[in-house]
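Notes for the structure review
What follows is the residue order along each chain.
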Amino acid sequence: MSQTVTPNPATVLTTPRVETSPGNPIGEFTQETLALTKRLFIQLKRRPSSLIAGVIQPLMWLILFGALFQNAPQGMFGESVNYAQFLGAGVIVFTAFSGALNAGLPIMFDREFGFLNRLLVAPLSTRFSIVVASAIYILLLSFIQTAVIVTAGAFMGAGLPGGLGLGAIAFITLLLVLGVTGLSLGLAFALPGHIELLAVIFVINLPLLFASTALAPLSFMPKWLQIVATLNPLSYAIEPIRYLYLHSDWTLSSIVMEAPWGEVSFGGALGILAGFAAVALLSIQPLLRRTFA
C-alpha cells in the first residue's frame, strides 16, 4: 500500500535559497569559445584526412614545381637561388589561403544538420563565440601547415629565415587568414547550402593563385595581369615572405614589390593586409547580427 509523503511546510520555508550571481562575461565568452574550439578539434581528430590532405597538397606543389623548374637559369626568378626558394613563399600563402577559404564549411554543415540552431537557442553569453571559435580553429591549423611547409622548404634548399623573420611570417599569415576566414564565414551564413559554398571556393581558389606572384614574378606577366596581381591580397602576403627568405637585414621600409603604380614597402604590404582583414571582418558584421538576432 503506497503512502503519499507530504513535505513539511516548515522545512520548505526554512530551506535556504541559492541565488545565482551574474557571471563574468569575459570568462563566460572565453569558456564558450574554448569549448566550441575543442569540439572542432575533436572532429578533426576523428577525421584527420582534412589535415593530412592540407599538408600533403602544398608539399606536392613544392616538390613537383621545384623539380619542374630546377634547371631554370639562375636569376630567372629574381634574387632567388633556386625555384624552391622562390616558390616557398607562394606555397606558404596558398596553403593558408586555401585553409581559410574552407573555414565556412563546418558552419555550413552545422546549419544543414541542425546543430547551429541548437547553438543559437543555447544560453550562450554571446553567439559571436561560434564565429571566434571557427576563426581560432582555422588559425591554428594554418600555423601547423605553415610550420610543415617552412620546415620542408628548408630541407629542399629554400633556406630558413631568422627568428624575427619567422615571427613576421606568422604575423603575415595571421592577417591573411583573418581576412579570408571572415569572408568564408560570411559566405557560410549567406549562401543556401554547402554545394553553393563549394562552388564559390572552386571558382575563386585557383584563379587567385595564378593571378598572384606565387608562381612567377610580376616581370613575367603581361601588363593586364600585373594590374590584377597587384589588386590580389595574396601578392601582398607572398612578396614580404619571399623578401624574408632572401634578406636577413629587412626593415619595414624595405621595398618588396615593384608594382605598376609604384614601389611597395614591407610595412606598406602589411598595412594593405591589415586593411583587407579589417574590411573583411567589418563587412560580415551586419550579416552576423541578423543571423544571431
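Residues numbered from 1 in each chain as written. Predicted model: local features only at pLDDT ≥ 70, side-chain atom pairs only at ≥ 80, totals over all residues. Heavy atoms only, no water.

We now examine the pattern of salt bridges. Considering all chains together, one arrives at 2 salt bridges under this definition. For Asp110, the salt bridge goes to Arg39, with nearest N and O atoms at 2.8 Å. Of this pair, Asp110 sits in helix H5 (residues 104-113) while Arg39 sits in helix H2 (residues 25-46); the two residues are 71 residues apart in sequence, bridging distant segments of the chain. Among the salt bridges present, the one from Arg242 reaches Glu239, with a minimum N-O distance of 3.0 Å. With a gap of 3 residues between them, Arg242 and Glu239 both fall in helix H11 (residues 235-246), about one helical turn apart. (Salt bridge = Lys/Arg side-chain N within 4 Å of Asp/Glu carboxyl O. Helix = DSSP H or I, 4+ residues; strand = E, 2+ residues; numbered from the N terminus.)

The first and last C-alpha atoms of H2 sit 32 Å apart over 22 residues, in line with the 32 Å expected at 1.5 Å per residue. Listing the buried residues of H2 in full gives Glu32, Thr33, Leu36, Thr37, Leu40 and Leu44. Projected onto a plane normal to the axis of H2, the buried residues spread over an arc of 125° and lie on a single side. Exposed and oriented more than 90 degrees from the buried face of H2 are Gln31, Leu34, Lys38, Lys45 and Arg46. (Expected span 1.5 Å × (residues − 1). Buried < 20%, exposed > 50% of the residue type's maximum accessible area, 1.4 Å probe, protein only. Arc of directions from axis to C-beta.)

Quick look at the confidence of the model for the protein now. Overall, the predicted model of the protein reaches an average pLDDT of 82, with 87% of residues at or above 70. Confidence, read as mean pLDDT per element, is least for helix H1 (residues 9-14) in the protein (42) and greatest for helix H12 (residues 266-283) (93). (pLDDT = per-residue confidence, 0-100.)

To continue, consider the nonpolar core. The biggest cluster of nonpolar side chains holds 77 residues, and the ones touching the most others in it are Leu176, Phe189, Ile241 and Phe266. Among the elements that line this core, the one with the most residues is helix H4 (residues 83-101), at 12 residues. Every residue in contact with Phe189, bar those within four places of it in the chain, is listed here: Ile107, Arg111, Leu116, Val131, Leu287, Leu288, Thr291 and Phe292. (Core = buried A, V, L, I, M, F, W, Y, C linked by side-chain atoms within 4.5 Å. Contact = heavy atoms within 4.5 Å.)

Another point: the pairing of strand S2 (residues 262-265). Inspection of the sheet shows strand S1 (residues 255-259) paired to S2 by 4 bridges, in the antiparallel sense. Looking at S2, one finds that Ala259 is bridged to Gly262. With antiparallel pairing between neighbouring strands as the criterion, S1 and S2 make up a hairpin whose turn holds 2 residues. (Pairing = 2+ DSSP bridges.)

Taken together, the side chains of Ile52, Ile56, Met60, Ile63, Leu64, Phe155 and Met156 make up a nonpolar region of the molecular surface, amounting to roughly 730 Å² of accessible area. Residue contributions to the nonpolar patch peak at 5 residues, all from helix H3 (residues 49-68). Position of Ile56 relative to the elements: it lies in helix H3. In this structure Ile56 comes out as partly exposed when scored by relative accessible area, which is 42%. (Patch = residues over 30% accessible without salt bridge, like charges linked within 9 Å, V, L, I, M, F, W, Y side chains within 5 Å. Areas by Shrake-Rupley, 256 points an atom, 1.4 Å probe, with all protein chains shown as cover.)

Residue position: Ile107 is located in helix H5. The exposure class of Ile107 is buried, given its relative accessible area of 2%. Along the primary structure Ile107 and Leu187 are separated by 80 residues, whereas in three dimensions their C-alpha atoms are 10.0 Å apart. Aside from chain neighbours lying at most four places away, what touches Ile107 is Ile130, Ser134, Leu185, Ala188 and Phe189.

With their axes 8 Å apart at the nearest point, H4 and H11 run at an angle of 140° to one another. By the angle between their directions, the pair H4 and H11 is classed as oblique. When you trace H4 past H11, the crossing you get is right-handed. Where H4 abuts H11, its residues Gln85, Phe86, Ala89, Gly90, Ile92 and Val93 lie against Ala237, Ile238, Ile241, Arg242, Tyr245 and Leu246. (Axes fitted to C-alpha atoms, helices over the stretch in contact; angles between N-to-C directions. Parallel < 35°, antiparallel > 145°, perpendicular 65-115°, else oblique. Left-handed = near helix turned anticlockwise from the far one by under 90°.)

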